[in-house]
Amino acid sequence: MKRRPLIAIAFAVIFVLGVLGLPAFVNLSTDWYWFKALGFESVFLTSLITRLVLSGVIGIAAGVFFYVNLRVAQRGMVPNPVVLQLAPNLPKIDFTHLLRRLVWPTSIVLGLLVGTSVSAAWLVVLRFLNATQFGTTDPVFGRDIGYYFFTLPALTTGIGLVMGLTVIALFLTIPIYLLRGDIVVFGRRVTVEPAAETHIALLIAALLITSAANIFFVKLPSLLYSNTSTLVGANYTDLTVRVPIMHTAWVVALLGAVYVLWGARRKKLVSSAAVTAIAYFAVSGIMGTLAPAAVQKFLVAPNELVRENPQLINHIAATRRAWGLDEVVVKDLTGAASLSLSDIQQNSGTIKNVRLWDREPLLQTFGQLQEIRPYYDLVSVDDDRYWIDGEYRQVLLSPREMNTAALPTPNFINRRLTYTHGMGLALSPVNMVSPQGLPVLFIKDLPPTSSVSLQVTRPEIYYGELSDDYAFVETGQPEFDYPLADSSAYTSYVGAGGVDVSSFLRRLLLSMRFGSKDILFTSYITDQSKILYHREIRGRAQKALPFLDWDGDPYMVITEEGRMKWILDGYTQSRRYPYSRPIADGTNYMRNSVKVVIDAYDGNIAAYVADSRDPLIQTYAKIFANILLPLDSMPSDLRAHMRYPEDLFRAQTALYTVYHMDDAETFYSREDEWQIPVVARGERSGDPFLRHIVMKLPGESQEEFIVMTPFTPRQKDNLAAWMVARNDGDHYGELVIYKFGRQSLVFGPTQVANRINQNTDISQQLSLWDQRGSEVIRGNLLVIPINESLIFVQAIYLRSEGGRIPELKRVVVAYQNEVVMEETLERGLARLFSDDPTLTPVLATQESQTTPSTTRVGVSTEELIRQATSHYDRAVAAQQSGDWATYGAEMRLVGELLRRLGGGNR
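Since the model is a prediction, treat every value here as computed from it, not as a measurement.

Caption draft 1: The overall build of the protein, seen in detail. On a plain count of helices and strands, the protein comes out with 26 helices and 34 strands. In the protein, buried positions account for 53% of the 906 residues. A separation of at least 24 residues holds for 67% of the contacts in the protein among residues at least 6 apart in sequence. Only carbon and sulfur atoms are counted for the fraction: they give 58% of the accessible area of the protein, which is about 39,700 Å².

Caption draft 2: Broad picture of the packing of helix α2 (residues 41-73) against helix α4 (residues 103-118). For the pair α2 and α4, interaxial distance at closest approach is 7 Å and the crossing angle is 145 degrees. Every pair of crossing elements has a handedness; the one defined by α2 and α4 is right-handed. Where α2 approaches α4, its residues Leu 54, Ser 55, Ile 58, Gly 59, Ala 62, Gly 63, Phe 66, Tyr 67, Leu 70 and Arg 71 are matched on the opposing element by Val 103, Trp 104, Thr 106, Ser 107, Leu 110, Gly 111, Val 114, Gly 115, Thr 116 and Val 118. Its residues assigned to classes, the contact of α2 with α4 shows 11 nonpolar, eight polar and one charged.

Caption draft 3: Region of interest: the pairing of strand β26 (residues 691-695). Taking burial as the measure, the five residues of β26 include five buried ones, the bulk of the element. Residues Arg 691, Ile 693 and Met 695 of β26 are buried on one face, and the alternating residues His 692 and Val 694, pointing to the opposite face, are buried as well. Two strands pair when backbone bridges link them, and β26 and strand β27 (residues 704-713) are joined in this way by five bridges, in the antiparallel orientation. By the bridge assignment for β27, Met 695 is matched with Glu 704.

Caption draft 4: Representation of the sheet that holds strand β14 (residues 471-473) in the model. Strand order across the open sheet formed by three strands is β14-β18-β17, with antiparallel pairing between neighbours. Looking along the sheet, the strands with just one partner apiece sit at the ends: β14 and β17 (499-500). In this structure, β14 lies alongside strand β18 (residues 530-532), joined through three bridges in antiparallel fashion. Bridge pairing links Phe 472 to Ile 531 in β18.

Conventions used here
Residues numbered from 1 in each chain as written. Predicted model: local features only at pLDDT ≥ 70, side-chain atom pairs only at ≥ 80, totals over all residues. Heavy atoms only, no water. Helix = DSSP H or I, 4+ residues; strand = E, 2+ residues; numbered from the N terminus. Buried < 20%, exposed > 50% of the residue type's maximum accessible area, 1.4 Å probe, protein only. Contact = heavy atoms within 4.5 Å. Areas by Shrake-Rupley, 256 points an atom, 1.4 Å probe, with all protein chains shown as cover. Axes fitted to C-alpha atoms, helices over the stretch in contact; angles between N-to-C directions. Left-handed = near helix turned anticlockwise from the far one by under 90°. Nonpolar A, V, L, I, M, F, W, Y, C, P; charged D, E, K, R; others polar. Pairing = 2+ DSSP bridges.

Here it is in structure tokens:
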């Protein structure tokens, strides 16, 4: 009978280990297969071994600690044990006897729980052991910044662990002493048996010593993260009041530990513990709250700028360093320079790459024109640039991915064996428009065909933004490749990616991992088959490189060999930079330290160090040897397509609106604060002014691919500056701010948008289209820098009522006080910058931008008649199909051409 409780406990432990351990074994095994197939075994092994060692060492130490405390608490005889009798005919329950039998199980369970929880800190421990110096010290304690990134988190974890173990031990031992009668409470009087008094005193002293260490090693350095309305970091009150109080508090805690031990020897544990608690609370609680509040209110607030000036300087400098804003190159522009037709022609590379197609309407149009089948999805549109037929062109592209959820019969065979991959992409230049107002597609259709020098030779997409399901390849079931006119084309995977399904054990484990009995029993899967999983690229990168964070906009690149590869921007980021301003999620340090390339066909991953100066990535390179490659080893055709990441640029520009002010007094008064321009009426939400553009920067000799954002003064609409991040060649990653003088007015986007709305000709035409069964969609207002001036461009799209294909019908161009709306960008520029727009061509190479019928000005009478006839034929076709929006637009073009004929085409 006495063994029954132990037998029951043993069965319970076995059951728990079976329920929890089997899934863990399955996940570990299948993860190992995946990491090994990818060549990232070191990441898996480093993580697993560190977790196991940490869990084992800490778990055993915690179990031993609890066992010793529980055994010490139950030593000796109990003359008057507390017993419980549930009924007269039932035996009495001796709690002390039961508690002795629970010492081992309790210690083991608590040790397992503590070890398991601490194993989550594996990366904190590895960072501490492989710390890298920043080479910069904090302005208060003089420690290297690396201390706050690597040492402080480890100390916080370690001290918190010791404190938690001590508190748990107290909560376990005090009730035991009460049940044994070693602690007796009579009203307000408490008597404690000497052995119990010594034991509890030791635990209380350990807790006080740990609290003192926590104050000195954790709370004091954490003052550098204080956040007030004025600054982030230790302010005047922190440095003059809180720091001395904290030093007093940790001394009080240490003296209190000694006093508690002395009190236990004098049989005065309760009184000594009470005195220590009161003293500690008086210093850290009352003084730590009232004194700083009084100093802040009566001494700092009336003279805040004077008191906080040194701290403001520290805060500005730290924020600029932490976010890379200290390296921004500042250039001044007059904003008063006038543009001429010659300036436009000299910047033809910029004009030819003005992005007339916005991502949102283009994605809708791509979806209608190029998804082709319901099981294909075009998920996103990405900006990039290529040398196409000898020209540097900005393009928009969208991969065509497989959406198995849209299959008419989404069973196991279809989803996992047949419809395994997407196919090709749609690629269009940013500025070319067909006669019907649709994008001109350089790459299109199934299988993808190209009309330019850029070719896709491996169009299958097994890994993408939408591919979150697993799939089997090289099976007995042919894989669907692409649809034909009256049948389908099939293929078989020949790539190196995937995990071999080479044994019954693997099939069993995979069947358990994915919860599918079909994996185990289907005859289509053979020993030569492979399984592809973790196919969604951001999740795949996160699994392979768990120490990085990721940009929200991965993009696809076509290599010189015609392969399709994804590029993801990986960040090292932290909340640990002293005095630095955090963004909304608490991050106050961020570097785009890694560029990750994932092959859309094979799924292989290559991670390249993009910022070797970052101490965090240097530390990770020590931890995960041979995983992070030097950027020089990235193939040149991929390096040519590196983009400055949007999430980082968005954070930097938002912070720079304030932190371009590096003078403490100016910063405090917010005298020159900027803002990202507000969204004008008719603009879509999101980031309407964050733009990728191919343009020639002021003072540069050739066009380059940049991302830019304009700034306006706070609560004002005129333009103050614009920032660019350069992307090409040796200039990659450079941030440049172009500032306009504060004495002259340069129109901002909102002011230009208001001028467009106030233009009667434009507003009447847009209102007319909106009333004729069409929806007018205004594109984002583009800010296009030319030399030291600006032009503004806005595309106008029409979408028929109930339709889903936006068509680009007009382009609004604004410069200084003039606003025009024309069929094409070149016509708008001709009207703005030519005295006789019917005679002077805007650009010699404009034929490459749009269709011939709307390209040239100054054409012959015969050409105008031909164009009018062509537009009339389109109007009649639109009328017959009931497309009244197109009908109205085409008839307006006919009328305009007839007016030009009537006025004489000189």
